[in-house]
Amino acid sequence: MGIASSVPSETADDGMVTRDPSLPPVAVDPHIQEAEDRNWTPAKIAIWAAISLLGGLSWVMLAIVRGESVNAIWFVFAAVCTYLIGYRFYSKYIEKHLLKPNDRRATPAEYKADGKDYAATDRRVLFGHHFAAIAGAGPLVGPVLAAQMGYLPGTIWIIVGVVLAGAVQDYLVLFFSMRRGGRSLGQMARDELGVIGGTAALIATLAIMVIIVAILALVVVNALAESPWGVFSVSMTIPIALFMGCYLRFFRPGKITEISIIGFVLLIAAIVGGGAIAGTEWGAAFFHVEPLPLAIGIIIYGFVAAILPVWLLLAPRDYLSTFMKIGTIGMLAVAIIIVRPEIFVPAVSEFAVAGNGPVVAGTLFPFLFVTIACGALSGFHALIASGTTPKLVEKERQTRVIGYGGMLMESFVAIMALVAALSIDRGIYFAMNSSAAMTGGTVEGAVAFVNGLGLTGVNLTPEMLTQTAKDVGEASIISRTGGAPTLSVGLAHIMQQVFGGSGMMAFWYHFAIMFEALFILTAVDAGTRVARFMLQDSLGNFFPKFKNTSWRLGAWLTTAIMVAAWGAVLVMGVTDPLGGINTLFPLFGIANQLLAAIALAVCMAIVAKRGQFKYLWIVAVPLGFAAVVTISASFLKIFSSVPSVGYFANNRAFSEALAAGETSFGTATSVEAMEAVVRNTMIQGILSILFVTLAIIVIAAAVHATWKAFRTRSNSTNEDPAIASQMFAPAGFASTKAEKAVQAQWDALPPADKPRRSGH
Amino acid sequence: MGTSLMTAVGASDWRMLAARAAARLRAIAQHVSWYVSAMMGDDAYRKYREHHESQHRDDDSAEPMLTEKQFWRDQTDRQDTNPQGRCC
């Protein structure tokens, strides 16, 4: 439990901490800062007018002007201008009225400094850390699948959603956790919502992590199955990581950048080598793996990776993944700006309204909002924003650039993924993303299926499919569902126009597959480990021995339970006669958004207890939206009578067919397949019920806590007591004039007079 | 502008301009390498050492400072019991 002090957070905030008179100021004077903010010089007005005009023009080009095609550059401008306006005005509004950070207060990195877990970190560096921790394969995959609804719905949701919901959640959770010494979301839920709400939040988090890890693993399986090149180069990451781990452990400890560069070179060699090996007869045979054995391989790998010491596999691969992330995303942004691809996809497609799209079933509302989770609103971030980052923040006001700004950056990654997916031919897009149950997995089947969809402007030929497969160095690109292969084709298509020409397409395709697999495998490892500790902690309440995390048998047992849980969902997805991704992906989005609803519910209770009812809407609006979207999506998945949407409707349809003695039904061609559908839909339906029930309990607990706070006019808080800060650092990327003035005073201080603290 | 500049400035001026450009490039390169290295966490031991020294400046009874090798081992070993999530 936190220290439940009843310090009024509004009025006495300034008087709470006394400044050390022998030191220069530790914060910019709020009045000077306010005056600086309000000083609208002509140059400043001109810049913001230009940003607004360019942003407005871009939105007009995207949403209103209807030509044959639209240029990708408008996506970039619309996104960047909206982000800038959201960051400058909305996040500042939240800062000023809701959070009221106080730089005179020390952050946990200062008052708990140990030089290790708690260490004040330069804001620009921490921004990079935080971004690398939140952004992975999620924002690369969701937008690709949502592209079937046309370009506009996804674009609006990604950009508007992040400004009003996703970035708000990340910022709030980071700030509240920082004020509580870096407490985790689960602990905050317990503190704010009581035992029932807290327990439900914990179980929901655990279940949601299982489903998220499973579906990420499914994306990898779909990308690598029957692709010898991909299997070779991705499996080479394991020996490369082991080598890096040993190098850091035994030869040159601490030379992280050095070994990351070596690892990166080896990785490129593995990609190039993969092409050569897949070209040989034995290589093509040896590394050709069917989906099911591949899934089992990943499950075994997941278990081993999660029990090996961190230094051997997880840490080095994490370095590699961070290194790739920053580089690749920067490269893709530059390439999109240079190439500026034309996009021929309609603004809103036929499937958005009819809800019968082959990629993911369901209508625009609510399924667009669960298909794109990461990039617009991602609950998983709440676990990161209440994990490492709050323990490293130097000054309170920096949470805005790190929390809000970091999420805007992830949203931009999602926009780029959407552009890459939209830039490929629409016929090829549907051939790749419709399940094998629909296309039959053959060129002829795919051509017949896609052309039979009756999409305007789509005329797929067999040559288009075979040529694209040849270009990217694969035997086939039919029904490569999951989003990663489509993104890779789009990315290869864009990158080859800048570097290397069409001869390099196969390299870029496998480069993209490699980095997506790298992100996902890191998330799988880390997710399994985090989930294992959560499980050990919970089991420890009943069997105290489990609390001892160095107890080998307990660690292995709990790891095995977690791996078995996500492994079962993975195998279910891989063997699903209905296609896997199209039935399971909505569950991923729903799970992620429910976690967001839980995080926002906790934030709402905190805001209410702080007595800030006037600004409660800042949390209540995104919470309400996330709740409506996820609960209605869950209800559709549970109660819909349309078999392609409702799990139980599908279950019933197949059960009845079996009872009637039929031996094939829909896309299931055998009795075993039909039985598998019955089993899978039952499990998926039960999971949906579990998630939505837990989320409703948590939200109800938060609403109750909010109401109670309103009735009692609460202004209590579970924050750590305020401690005076003894250091100064600017709040944003660039220092303001006032910040430079304060910094100059610190720089002029003789070293002997500087307070004893860590950092620099 | 190009030709008039060519004739107006002598060889020594060119050398000065080149030196200034090189210095600027070096500064940018230094900044990039600082950022990458800080991002990857190369400076973790230096930060730990500075923290330890500043905390125990005149205090001999404090726990001894870890050596560089011990520190890096301890860093990954602590992650074994305190795993960090990585998002999707």
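Residues numbered from 1 in each chain as written. Chains lettered and ligands numbered in written order. Predicted model: local features only at pLDDT ≥ 70, side-chain atom pairs only at ≥ 80, totals over all residues. Heavy atoms only, no water.

**A word on the overall build of chain A**
Alright, step 1. On a plain count of helices and strands, chain A comes out with 30 helices and two strands.
Alright, step 2. Relative to the compact-globule value of 27 Å for 760 residues, chain A shows a C-alpha radius of gyration of 26 Å, a close match.
Alright, step 3. Restricting to contacts in chain A with at least 6 residues of sequence separation, those with at least 24 account for 83%.
Alright, step 4. Summed over its atoms, the accessible surface of chain A is roughly 27000 Å², and 67% of this surface lies on carbon and sulfur atoms.
Alright, step 5. Separation of charge centres in chain A, based on 50 positive and 46 negative side chains, amounts to 10 Å. (Helix = DSSP H or I, 4+ residues; strand = E, 2+ residues; numbered from the N terminus. Rg over C-alpha atoms; globule rule 2.2 N^0.38 Å. Contact = heavy atoms within 4.5 Å. Areas by Shrake-Rupley, 256 points an atom, 1.4 Å probe, with all protein chains shown as cover. Lys, Arg positive; Asp, Glu negative; His and termini not counted. Charge placed at Lys NZ, Arg CZ, Asp CG, Glu CD.)

**Quick notes on the packing of helix H16 (residues 364–371) of chain A against helix H26 (residues 581–609) of chain A**
Residue and element names in this part refer to chain A.
Alright, step 1. Contact geometry for H16 and H26: axes closest at 8 Å, N-to-C directions at 75°. By the angle between their axes, H16 is roughly perpendicular relative to H26. Between H16 and H26, the contacting residues are Phe 369, Val 370 and Thr 371 on the first element and Phe 585, Pro 586, Gly 589, Ile 590 and Gln 593 on the second.
Alright, step 2. Considering only residue class, the contact of H16 with H26 consists of five nonpolar, three polar and no charged. (Axes fitted to C-alpha atoms, helices over the stretch in contact; angles between N-to-C directions. Parallel < 35°, antiparallel > 145°, perpendicular 65-115°, else oblique. Nonpolar A, V, L, I, M, F, W, Y, C, P; charged D, E, K, R; others polar.)

**A look at the interface of chain B and chain A**
Alright, step 1. Residue-level contacts link 40 residues of chain B with 62 residues of chain A.
Alright, step 2. Around 4100 Å² of area is buried between chain B and chain A when both sides are counted, 56% of it from carbon and sulfur atoms.
Alright, step 3. Linking chain B with chain A are five salt bridges, by the criterion used here.
Alright, step 4. Across the pair B:Arg86 and A:Asp318 runs a salt bridge, and its minimum N-O distance is 2.7 Å.
Alright, step 5. Inspection of the region where chain B meets chain A yields 13 residue pairs in polar contact (both at pLDDT 80 or more).
Alright, step 6. Those elements that place two or more of their residues in the side of chain B that touches chain A are helix H2 (11–40), helix H3 (44–55) and helix H4 (68–81) of chain B. (Buried area = accessible area lost by both parts, 1.4 Å probe. Salt bridge = Lys/Arg side-chain N within 4 Å of Asp/Glu carboxyl O. Polar contact = N/O pair within 3.5 Å; in protein donor to acceptor, adjacent residues only side chain to side chain.)

**Some thoughts on the packing of helix H10 (residues 228–251) of chain A against helix H14 (residues 314–339) of chain A**
All names here are of chain A.
Alright, step 1. At a minimum axis separation of 8 Å, H10 and H14 run at an interaxial angle of 110°. Taken together, the axes of H10 and H14 are roughly perpendicular relative to one another. Within the contact between the two elements, H10 uses Ile 240, Ala 241, Met 244, Gly 245 and Leu 248 and H14 uses Pro 316, Arg 317, Tyr 319 and Leu 320.
Alright, step 2. Within the contact of H10 with H14, the residues separate by chemical class into seven nonpolar, one polar and one charged.

**A short note on the layout of surface pockets**
Residue and element names in this part refer to chain A.
Alright, step 1. In this structure, the largest pocket occupies an estimated 1300 Å³ of space.
Alright, step 2. Lining the largest pocket we find 39 residues, and of these Tyr 87, Arg 400, Gly 732, Phe 733 and Ala 734 sit closest to its centre.
Alright, step 3. For the lining of the largest pocket, the secondary structure elements donating two or more residues are helix H2 (30–38), helix H3 (42–63), helix H4 (73–99), helix H6 (123–134), H14, helix H18 (399–422) and helix H30 (737–747).
Alright, step 4. The residue inventory of the lining of the largest pocket, partitioned by class, reads 21 nonpolar, seven polar and eleven charged. (1 Å grid on protein atoms, 1.4 Å probe; cavity = no way out; pocket = protein on both sides within 12 Å on 5 of 7 lines; lining within 4 Å. Points joined across faces, edges and corners; volume = space filled by probe spheres on them.)

**Topic: the nonpolar core**
Residue and element names in this part refer to chain A.
Alright, step 1. In terms of nonpolar packing, the biggest core is built from 246 residues, with Tyr 83, Trp 566 and Leu 570 touching the most fellow members.
Alright, step 2. The dominant element in this core, judged by the number of residues it contributes, is helix H9 (residues 185–224), at 25 residues.
Alright, step 3. Sequence-distant contacts of Tyr 83, that is, excluding residues within four places in its chain, are made with Ile 158, Ile 159, Val 162, Val 163, Leu 408, Ser 411, Phe 412 and Ile 415. (Core = buried A, V, L, I, M, F, W, Y, C linked by side-chain atoms within 4.5 Å. Buried < 20%, exposed > 50% of the residue type's maximum accessible area, 1.4 Å probe, protein only.)

**Notes on the UniProt feature "domain: CstA N-terminal" (unreviewed entry) in chain A**
Alright, step 1. In the numbering adopted here, UniProt assigns the feature "domain: CstA N-terminal" (unreviewed entry) to residues 71–633 of chain A.
Alright, step 2. For residues 71–633 of chain A, helix accounts for 73% and strand for 1%, while the C-alpha atoms at its two ends are 33 Å apart. (UniProt positions renumbered as here; feature names shortened; annotations may be inferred.)

**Details of the pattern of salt bridges**
Alright, step 1. Inspection of every chain in the model, using the stated rule, returns 29 salt bridges over all chains.
Alright, step 2. A:Arg610 serves as the salt-bridge partner of A:Glu719, at 3.2 Å between the closest nitrogen and oxygen. Pair noted here: A:Glu719 is in the loop between helix H29 (671–711) and H30 and A:Arg610 is in the loop between H26 and helix H27 (617–639), with a separation of 109 residues, a long-range link. As far as the burial class goes, A:Glu719 and A:Arg610 line up, both buried.
Alright, step 3. Here B:Arg46 ties to B:Glu50 by a salt bridge, and the two come within 2.8 Å at their closest N and O atoms. Of the two residues, B:Arg46 and B:Glu50 are both situated in helix H3; the distance of four residues between them amounts to about one turn of the helix.

**What to know about the side chain of A:Glu396**
All names here are of chain A.
Alright, step 1. Within the secondary structure, Glu 396 is located in the loop between helix H17 (381–385) and H18.
Alright, step 2. Among the polar contacts listed, one links the side chain of Glu 396 to the side chain of Arg 179, at a separation of 2.7 Å.
Alright, step 3. Setting aside anything within four residues of it in sequence, one finds Glu 396 in contact with Pro 101, Asn 102, Asp 103, Arg 105, Thr 107, Phe 175, Met 178 and Arg 179.

**Examining unusual backbone geometry**
All names here are of chain A.
Alright, step 1. The omega torsion of the bond from Phe 365 to Pro 366 falls at 0°, within 30 degrees of zero and hence cis.
Alright, step 2. Looking at the element boundaries, Pro 366 is found in helix H16.
Alright, step 3. Even without a glycine there, the phi angle at Arg 340 is positive, about 45°.
Alright, step 4. In this fold, Arg 340 is placed in the loop between H14 and strand S2 (342–343).
Alright, step 5. With a relative accessible area of 42%, Arg 340 lands in the partly exposed category.
Alright, step 6. Non-glycine residue Ser 479 carries a positive phi angle of around 55°.
Alright, step 7. When you line up the elements, Ser 479 lands in the loop between helix H22 (462–471) and helix H23 (484–498).
Alright, step 8. We classify Ser 479 as buried; its relative accessible area is 15%.

**Considerations on the confidence of the model for chain B**
Alright, step 1. Taken over all residues, the pLDDT of chain B has a mean of 83, while the share at 70 or more is 82%.
Alright, step 2. Ranking the elements of chain B by mean pLDDT puts helix H1 (residues 2–8) of chain B last, at 51, and H2(B) first, at 92. (pLDDT = per-residue confidence, 0-100.)

**A few points about empty space enclosed by the protein**
Alright, step 1. Counted by the stated rule, this structure contains nine cavities of 30 Å³ or more.
Alright, step 2. Put simply, the largest cavity is a space of about 960 Å³.
Alright, step 3. Lining the largest cavity are 41 residues; nearest its centre among them are A:His129, A:Thr388, A:Leu392, B:Gln75 and B:Gln79.
Alright, step 4. Residue contributions to the lining of the largest cavity peak at six residues, all from H6(A).
Alright, step 5. The class makeup of the residues in the lining of the largest cavity is 18 nonpolar, 15 polar and eight charged.

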